[in-house]
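Observations on the model geometry
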Amino acid sequence: MTLSQASRLALGEFNEFLKRREVARRRYEAVMKAIASGKRAWSEIKRELEKHEGKTIADSVLSREALVKASFLEKIVDGRNIEYKISDPVLKYALKRGSL
């Protein structure tokens, strides 16, 4: 299987996940693209999301747990530091290419 075929499969799975979450779809896409572009700390990801939406977003309305529970994101805890990374390198590759 080529990387482009694998990318389409990974994006297909992510899009199926998003279909059941239409209200949060744009935010989830923005969060995943921010992480794919190298943002790892939640403060960096949130800043990118706020830039994308053009407004301040309260922490209480943001949740990344659904992405973690669905295994799209991996939460890495190192003492008091918490970072996020995309679990599937093929999905990360597809998101970096802007394919959504």
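What comes next concerns the included structure. Bear in mind that the values here come from a model prediction, so they are computed numbers and not experimental data. (Residues numbered from 1 in each chain as written. Predicted model: local features only at pLDDT ≥ 70, side-chain atom pairs only at ≥ 80, totals over all residues. Heavy atoms only, no water.)

1. What about the overall build of the protein chain?
In terms of helices and strands, the protein chain carries five helices and two strands. Secondary structure elements of the protein chain, listed N to C terminal, follow the sequence α-α-α-α-β-β-α. At 13 Å, the protein chain has a C-alpha radius of gyration in line with the 13 Å of a compact globule built from 100 residues. Summarising its shape, the C-alpha atoms of the protein chain cover approximately 40 × 30 × 20 Å along the three principal directions. Split into buried and exposed, the 100 residues of the protein chain put 32% on the buried side. A sequence separation of at least 24 residues applies to 51% of the contacts in the protein chain between residues at least 6 apart. Surface summary for the protein chain: the accessible area is close to 6400 Å², and the carbon and sulfur share equals 48%. For the protein chain, the separation between the mean place of its 22 positive charges and that of its 14 negative charges on side chains is 2 Å. (Helix = DSSP H or I, 4+ residues; strand = E, 2+ residues; numbered from the N terminus. Rg over C-alpha atoms; globule rule 2.2 N^0.38 Å. Buried < 20%, exposed > 50% of the residue type's maximum accessible area, 1.4 Å probe, protein only. Contact = heavy atoms within 4.5 Å. Areas by Shrake-Rupley, 256 points an atom, 1.4 Å probe, with all protein chains shown as cover. Lys, Arg positive; Asp, Glu negative; His and termini not counted. Charge placed at Lys NZ, Arg CZ, Asp CG, Glu CD.)

2. Thoughts on the pairing of strand 2 (residues 81-86)
Relative to strand 2, strand 1 (residues 73-78) is paired through six bridges, and the arrangement is antiparallel. Opposite Val77, over in strand 2, you have Ile82 as the bridge partner. In this antiparallel pair of consecutive strands, strand 1 and strand 2, the connection spans two residues, and Gly79 shows a positive phi of 65°. (Pairing = 2+ DSSP bridges.)

3. Considering the environment of Phe72
Mapping Phe72 onto the fold places it in the loop between helix 4 (65-69) and strand 1. The buried category is assigned to Phe72, whose relative accessible area is 11%. Between the C-alpha atom of Phe72 and that of Ile86, which follows or precedes it by 14 residues, the distance is 5.9 Å. Aside from chain neighbours lying at most four places away, what touches Phe72 is Glu13, Phe14, Phe17, Met32, Leu67, Lys85, Ile86, Ser87 and Leu91.

In short, the description is geometric, and any link to function would need to be established separately.
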